[in-house]
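# Overview (structure and organization)
This is what each chain is made of:
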Amino acid sequence: MDSPSKSADAEIDRTEGVAALDRAIAILDAFSTEDRSLSLAEIAARTGLYKSTILRLANSLLRGRLLERLDNGRYRVGPATFRLGALYQRSVVAVDILLPIMRDLSERSWESVAFYVRSGDVRTCLYRVESKHPIRYTIREGDVLPLMLGSGGRVLAAFSGQQGEPYETIRKTCNCLAVGDRDPETGGVSAPVFGPGGVLLGALTLAGPSTRVDAAFLQRMKRPLLEAAARATRAFGEDASMLEQASLAADALP
C-alpha cells in the first residue's frame, strides 16, 4: 500500500503533467492560418508564457514533430500535425457533426433547418430538421433547388465566386436573408460552412413560411445561425473566426 507521501507526490506529478500539456497545446494554438512561422517572442506574447517555459516545452514538441525550428530560429507547425489532421478528417462523418447543430438551431427557433450542397448549377438538400410548427416549409432531403434563388443558393453561389451584388455583400457579412426570393411564401436566412483549407462544404439554412418567418424574425436569427455555422466549421477542423466576427456584427446589420 502506498504511503500518504507517495500518493501526494503522485498527485503533484499528475497535476504538473496536465499543466505542461495545457501549455504545450497553448503553444500550438498560438499559430493561426495566416502564420507561416512565429518567433519565440511572438509565441510568448500570444500565450502569456515565459520564454524559458516555451523553450522547454518546444523541445518535446520538436521531438514529436508537432513543431519545427527553422534555420533563422523561428518556429512553424510540424508535419505530425498534418498526420493528425488527416486522421481527424477520415474519422469525421458529416451527419454526426451537422445534425446535432441543426437540431439545436431548430429547437431555438422552432423553425426548419436544412443543409444544402452545390452540384453544378443547382443545390441539393442534404440534411434537414423539421419545424415544430404544423405549418412548415416543405423541402425534403434529396430535393434539388435552383442555385441562384433563395438564401441558401445565393450563399453557395457567393462563396463559389459569383461576382456582383448581392454576392459581394454576402461574402462580407457571411449570410444572406431572403423573403419571397425563390418562393413568394417562404423566408430564410443562410450562412456558409467551411472545411479544412477554407473549402466551402455547404450552406446552413433556417427557413419557414413568410407569414411567420418574416424579415424581422430572420434578422433576429442571424446571430444564432452564424454561431451554428461557426460551430460546424470548427468541428470540421477549419478556422471559424470570420463567421464568429460576422455573428457579433449581425445584430447591427440590416
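So, here's what we can say about the structure. Computed from a prediction, not measured in an experiment: that's the story for all the values here.

### Quick notes on the overall build of the chain
- Per the secondary structure count, the chain includes 9 helices and 8 strands.
- Per-residue burial over the chain gives 41% buried out of 254 residues.
- Summarising the internal contacts of the chain: among those between residues at least 6 apart in sequence, 52% fall at separations of at least 24.
- In the form shown here, the chain has an accessible surface area of approximately 13800 Å², with 54% of it arising from carbon and sulfur atoms.

### Points about the side chain of Ser247
- Here Ser247 lies in helix α9 (residues 241-250).
- Of the residues examined, Ser247 reaches a relative accessible area of 5% and is grouped as buried.
- In this structure the side chain of Ser247 is engaged in a polar contact, spanning 2.6 Å, whose partner is the backbone oxygen of Glu244.
- Ignoring anything within four residues of it in the chain, the contact list for Ser247 reads Arg223, Leu226 and Glu227.

### Describing the pairing of strand β8 (residues 199-209)
- Where burial is concerned, most of β8 is hidden: 8 out of the 11 residues are buried.
- Where strand β3 (residues 112-119) and β8 come together, 5 bridges link them in antiparallel fashion. Counterpart to Tyr116 in the pairing with β8 is Ala203.
- Pairing between strand β7 (residues 186-195) and β8: 10 bridges, direction antiparallel. Bridge assignment links Gly188 to a residue of β8, and that residue is Ala207.

### Description of the sheet that holds strand β6 (residues 176-179)
- The strand order across the open sheet formed by 6 strands is β5-β4-β3-β8-β7-β6, and the pairing between neighbours is antiparallel. Both outer strands of the open sheet, β5 (144-146) and β6, are each paired with one neighbouring strand and no more. Direction aside, the axes of adjacent strands within the sheet are offset by 35° on average.
- Here 7 bridges tie β3 to strand β4 (residues 122-129), and the two strands are oriented antiparallel to one another.

### Topic: the packing of aromatic side chains
- Under the counting rule described, the total for this entry stands at 2 aromatic pairs.
- Considering the side-chain rings of Phe115 and Tyr127, the 6.4 Å spacing of their centres and the 25° angle between planes classify their relative orientation as stacked. Pair noted here: Phe115 is in strand β3 and Tyr127 is in strand β4, with a separation of 12 residues, a long-range link.
- Here Phe115 falls in the buried class, since its relative accessible area comes to 3%.

### Things to note about the pairing of β4
- Burial of β4 is extensive: 6 of the 8 residues sit out of reach of the surface.
- In textbook terms, the turn of a hairpin is the stretch between consecutive antiparallel strands, and for β3 and β4 this stretch comprises 2 residues, one of which, Gly120, has a positive phi near 65°.
- One ladder, built from 3 bridges, connects β4 with β5; its direction is antiparallel. Paired with Val122 across the bridge in β5 is Pro146.

Cut-offs applied
Residues numbered from 1 in each chain as written. Predicted model: local features only at pLDDT ≥ 70, side-chain atom pairs only at ≥ 80, totals over all residues. Heavy atoms only, no water. Helix = DSSP H or I, 4+ residues; strand = E, 2+ residues; numbered from the N terminus. Buried < 20%, exposed > 50% of the residue type's maximum accessible area, 1.4 Å probe, protein only. Contact = heavy atoms within 4.5 Å. Areas by Shrake-Rupley, 256 points an atom, 1.4 Å probe, with all protein chains shown as cover. Polar contact = N/O pair within 3.5 Å; in protein donor to acceptor, adjacent residues only side chain to side chain. Pairing = 2+ DSSP bridges. Axes fitted to C-alpha atoms, helices over the stretch in contact; angles between N-to-C directions. Phe/Tyr/Trp six-rings, centres within 6.5 Å; stacked < 30°, edge-to-face > 60°.

These figures come from the coordinates and say nothing about function on their own.
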